[in-house]
Amino acid sequence: MGRPAIMLVWRKPCSRMLAAVKLNLTPPETAPETAPFANYQSKHAIYDEYLSAGGYQDGAWHPIAGYLDRLGTQGIQACAAEAEHLVHQSGANFQITRDELEKSRPWQLAVVPLVLDSLTWAKLESGLQQRMRLLETVLCDLLGKQQLLKERILPAELLTANPEFMPAYHELPTGVNRLTLTATDLARDNDGSWWVTGDRTRAPSGLGYALENRIITSRVLPHLIRKSNVTRVAAFFSSLQKQLDSLAPRTKDNPRVAILTPGEHSYRYVEDAYLARYLGYTLVQGRDLAVRGDRLNLKTLGGLLPIEVLWRHVSDHKCDPLELDPSTSQGVSGLLQSIRSGTVSVANSIGSVLVQMPALMPFLPAASKFFFGNELSLPSIATYWCGGSKERQYVLEHLDDLILRPAFVVSGSPPIDPLELTSEERQALIAKIKDRPHQFVAQQRPSRSTTPVWHDGQLRPWHMALRSFHVQTSNGFEVMPGGLIRVSPENASLDHSPISGRRGQDCWIIANEPVDHETTLLPPSNAPLQLMRGVQELPSRVAENLFWLGRHAERTEAVARLLRTTLNRLAGENAVEELVDLPRLLAALAAVGQIAPDYAIKELVQALPTLEAVLPDSVFDREQPRGLQASVINMVEKAKSARDRISADGYRIITRIGDDLVGSLTNTDIGATIERLNRLITDLLALSGLANESMTHTHGWRFLHLGRRIERAYQTAELLAATLAHPIADEGPLLESVLRVTDSIMTYRSRYLSRLQTTAVIDLLITDNTNPRSLVFQLQTINQLIAELPNDSIDQASGEDQRSAEDLLHCIRMAQPTELAFTGTTGQRHELCELLNKLINGLPRLSNEITARYLIHTGSTQLLNGSTSPVSGKR
């Protein structure tokens, strides 16, 4: 699978200037008066990646700084704005939930890259390869012969007191290597030397963001990156892909590789979905998997599909609730037995978490001498495990010069800084260290170099942290050229985990000669390929998310159309009391949960706030659990949960909807609110069209459209029950409003011109099978979609969902428009009320029957300790 496309879309006026800059790929020959690099100054006595490396005078920075200076302040600012826009469009920092209404993980991209010359990188690369070889060897020893413990090079407490160690890890079979993908956190000292501040050997995060930074930077600065001999990263991802494929026990050519993610509520999910799409792997969660006959399988609607390689992004102890942590739902029972049987390979191997513990760092030099007889060329920052008496005494005596971390666990929490503690907190910390010394490590405060960062219209020296990535192949460790760069004006903030959210940079390694532009993740054009129709790999969890995405998208559109029609009536020339259709429209809004039910009662309206103020405010009301805001938030949540199944264009539309409606809470007048609803409906129609025309019509598409059709039928039935079930004296305006809400006014007028009659409206909206908005059209489509889903019945008998759908369709087919429009002596349309009540009660039941038949395993999971754990996402 090739890289995902990132589309440039129209934004705000500053994009026009950017377009002009990009059209002239060759910048001016001379720098403008406001040359940013010419005026750049670094912090005193701190190594600066630009100035200390030669700056304008020499080195890798020279052509890059010259190019950006010729662009000038306005050109760089335009590039920065476009980079920010592309990051946002990619969805890397967009996450809205019902409980967390602000954007989480505010990742930003600084447009000016970090630049390193090839000589500097070669030395760093060699040190990283040496370090990773050592960690692989140490891990094999800890889970094998344990020579380091027997020779007392490592204290036994690193295992016996370590909560991350479990006996089940010991002697688990592996392929050639235990560590497939690793990462190293680095800092550059004031003298230009590099220090390791941490190792990541379990499932390092940030690789997807590093890739995204490169793709976006190359889109913003295409001419510069091509002319600067920047080493490409595609070869690294190709090696990673080949290595994962090579781990397959049987099928080496095109094995089924799955990425095991903790789930959509994890900080990892956005990145996991991005990598799955880029590399062409299946994204799974624990509840998508099952072990049968010692084989790991993907549970799909069509049956079980064997998985040969599992790239796990789940903690070691959460991988198998049968043998490890019984309280978790992130893994799959029986996984360890599948590993022992040799039917599946797991990367990184379970137990690899042990060699990323901070307490191991001070013992690595001795381990290197023991195994290889040499020193580490890339040293760790000074680290002291408090389990040793001398080290503990040193830490207590120099507490203000150090930061403290947990000894065995790498977490997202910031380190403990004694300088920030009160006297009481400081004494409590000292007491904890004395009481449980083996649980703490102390580290020297790292000095970090600075690098030019574009901020507030100028270049500023910000501190830099580098996370490098490495893949182990049959030829050794291959280091990704560059890595994940985080920058901050404050050095200490970079001690926090990358998940805390910081500004990032692309990292350019400048080669001395032209670089390879041919490497691609696409297979050779002449490679054998089996032709296929459709895709079998649809887990029930994904089907559920698509089903509810369809329902929430359709509900959002229905409420938006009803709101827009009502606001248009209020914005007209007639006074509110002259709008005969308004009470019924308000009743419909109350029925869908958009406004308080009191507005549907004529006698109470006078005592309530004016509709002109209430309705625009209701668009932004998050307190209504069934209102427009709730529908949009639910839609965004489900899109996020099915992110790897939604096209980039579709996700951009959903992102824009969330930004425009949920992201802004400013109350506006009726006109501005109508315009915002117009944009929302237009985006929803674009999303619907994209799903119809760009999504293959397989089971995923069927569940998405089942959700849409069920919800459209339900919303139409609710609307008709609130508006037409009880006739009013002058129904003309009401009939026109109902036609506008259901987007059927044009069709009606093309048939009947300006004559509005109830029978004709009911026929068009209920029994006309040519109208894609009618109830009969929805039920016909629902029956067709259900018939195309897998039937697990031995005799192919109809399920409850099929029988319910057929019954509802039969009721509508038997209905006669004239009888439905007839008004009885009680002033009601009894036939219409009876039909609509059947639909309003029957459609939710149909939805539940579909869920029970196809999606039931996504509910609560029975754990081995007897309790239940909810694993289903919010609906």
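Coordinates for the structure precede this section.
1. Considering the nonpolar core
Counting 100 residues, the largest nonpolar core has Leu628, Phe703, Leu724, Ile766 and Leu839 as its most contacted members. A per-element tally of this core places helix 14 (residues 540-570) first, with 13 residues. Ignoring sequence-local partners within four residues, the contact set of leucine 628 consists of Thr556, Val559, Ala560, Leu563, Gln594, Val619, Leu661, Leu677 and Leu680.

2. With respect to helix 20 (residues 670-694)
Side chains three or four residues apart in an α-helix point the same way, a direct result of the helix having 3.6 residues per turn. For helix 20, with 25 residues, the first-to-last C-alpha span of 35 Å sits near the 36 Å given by 1.5 Å per residue. Residues Ile670, Thr673, Ile674, Arg676, Leu677, Leu680, Ile681, Asp683, Leu684, Leu687, Ser688 and Ala691 constitute the buried set of helix 20. The N-cap of helix 20, judged by a side-chain oxygen 3.4 Å from the amide nitrogen of glycine 671 a few residues on, is aspartate 669.

3. Notes on the packing of helix 25 (residues 775-787) against helix 26 (residues 800-814)
Packing of helix 25 against helix 26 leaves a shortest axis separation of 9 Å and a crossing angle of 155°. Between helix 25 and helix 26, the angle is such that the two are roughly antiparallel. Relative to helix 26, the crossing made by helix 25 is left-handed. Residues Leu775, Val776, Leu779, Gln780, Ile782, Asn783, Ile786 and Ala787 of helix 25 pack against Asp801, Gln802, Ala805, Glu806, Leu808, Leu809, Ile812 and Arg813 of helix 26. Residues that form the contact of helix 25 with helix 26 fall into these classes: 10 nonpolar, 3 polar and 3 charged.

4. Some remarks on the sheet that holds strand 8 (residues 303-306)
What the 3 strands build is an open sheet, ordered 6-7-8; its pairing is antiparallel. Only two strands of the sheet have a single neighbouring strand rather than two, namely strand 6 (289-292) and strand 8. Neighbouring strand axes in the sheet, compared pairwise and without regard to direction, differ in orientation by 45° on average.

5. Describing the environment of glycine 388
As for its position among the elements, glycine 388 is in the loop between strand 11 (383-385) and helix 12 (389-397). Expressed as a C-alpha distance, the spacing of glycine 388 and proline 155, which sit 233 residues apart in the sequence, is 9.0 Å.

6. Quick word on the packing of aromatic side chains
The tally for this structure, following the rule as stated, stands at 14 aromatic pairs. Note on tyrosine 748 and tyrosine 752: the rings are 4.7 Å apart at their centroids and 45° apart in plane angle, and the pair reads as tilted. Placement of both tyrosine 748 and tyrosine 752 in helix 23 (residues 745-752) is noted, with a separation of 4 residues, approximately one turn of the helix. Given the relative accessible area of 32%, tyrosine 752 is considered partly exposed. Members of the aromatic cluster, joined through ring pairs, are Phe37, Tyr40, Tyr50 and Trp61.

7. Thoughts on the pairing of strand 8
Bridging between strand 7 (residues 295-300) and strand 8 involves 4 bridges; their strand directions are antiparallel. Following the sheet pairing, threonine 300 is matched in strand 8 by glycine 303. The loop that links strand 7 with its antiparallel partner strand 8 comprises 2 residues.

8. Structural notes on the pairing of strand 17 (residues 484-488)
Of all 5 residues making up strand 17, 5 are buried, and the element is well covered by its neighbours. Residues Leu484, Arg486 and Ser488 line one face of strand 17 and the alternating positions Ile485 and Val487 line the opposite face, and both faces are buried. Inspection of the sheet shows strand 17 paired to strand 18 (residues 503-510) by 3 bridges, in the antiparallel sense. What sits directly across from isoleucine 485, in strand 18, is glutamine 505.

9. A look at the side chain of arginine 188
Mapped onto the elements of the fold, arginine 188 is located in strand 2 (residues 181-188). There is a polar contact of 3.5 Å between the side chain of arginine 188 and the side chain of tyrosine 47. With residues up to four places along the chain from it excluded, the contact list for arginine 188 reads Tyr47, Glu49, Leu116, Thr120, Ser193, Trp194, Ser447, Arg448 and Ser449.

10. Quick look at helix 11 (residues 364-372)
The complete set of buried residues in helix 11 reads Leu364, Ala367 and Ser368. Taken around the axis of helix 11, the buried residues stretch over an arc of 105°, which confines them to a single face. Just past helix 11, the residue glycine 373 takes up positive phi, approximately 75°.

11. Quick notes on the packing of helix 14 against helix 20
Across the interface, helix 14 lies against helix 20 with an axial gap of 9 Å and an inter-helix angle of 150°. On the basis of the axis angle, helix 14 is roughly antiparallel to helix 20. Crossing handedness for the pair helix 14 and helix 20: left-handed. In this structure, helix 14 contributes Ala553, Thr556, Glu557, Ala560, Arg561, Leu563, Arg564, Leu567, Asn568 and Leu570 to the contact, and helix 20 contributes Ile670, Thr673, Ile674, Leu677, Asn678, Leu680, Ile681, Leu684 and Leu685. Broken down by class, the residue content of the contact of helix 14 with helix 20 amounts to 12 nonpolar, 4 polar and 3 charged.

Scoring rules and cut-offs
- Think of each chain on its own: its residues are numbered from 1, step by step along the sequence as written.
- With pLDDT at 70 or above as the cut-off, local features in this predicted model cover only qualifying residues; side-chain atom pairs require 80 or more to be listed or tallied, and sums for whole chains, interfaces and linings still use all residues.
- Excluded from the side-chain calculations are hydrogens and water; all other atoms, namely the structure's heavy atoms, are used.
- Working definition of a nonpolar core: buried Ala, Val, Leu, Ile, Met, Phe, Trp, Tyr and Cys residues. They are joined through side-chain atoms within 4.5 Å.
- Each residue is assigned to one of three classes by its accessible area relative to the maximum for its type, calculated with a 1.4 Å probe on protein chains only: buried under 20%, partly exposed between the two thresholds, exposed over 50%.
- Where helices and strands are cited, they refer to DSSP runs of H or I of at least four residues and of E of at least two residues respectively, numbered from the N terminus.
- Here a residue-residue contact requires only that any non-hydrogen atoms of the pair lie within 4.5 Å.
- Under the convention used throughout, the expected extent of a helix is 1.5 Å for every residue step, that is, one less than its residue count.
- We call two N or O atoms a polar contact when they sit within 3.5 Å, provided that within protein one can donate a hydrogen and the other can accept it, with sequence-adjacent residues counted only if both atoms are side-chain atoms.
- Inter-axis angles, ranging from 0 to 180 degrees, are taken between N-to-C directions of lines fitted to C-alpha atoms, where helices are fitted over the stretch in contact.
- Working rule for angles: under 35 degrees goes down as roughly parallel, over 145 as roughly antiparallel, 65 to 115 as roughly perpendicular, anything else as oblique.
- Put simply, a crossing is left-handed when the front helix is turned counterclockwise from the back one by less than a right angle, and right-handed when it is turned clockwise.
- All residues other than Ala, Val, Leu, Ile, Met, Phe, Trp, Tyr, Cys, Pro, Asp, Glu, Lys and Arg, Gly among them, are scored as polar; the first ten of these are nonpolar and the last four charged.
- Pairing between two strands is assigned when DSSP locates at least 2 bridges connecting them.
- What counts as a ring pair is set by centres within 6.5 Å for rings of Phe, Tyr and Trp (its six-membered ring), and what kind of pair is set by the plane angle: stacked under 30 degrees, edge-to-face over 60, tilted for all other angles.
- In this description, one arc is meant: the one made by directions from the helix axis to the C-beta atoms.

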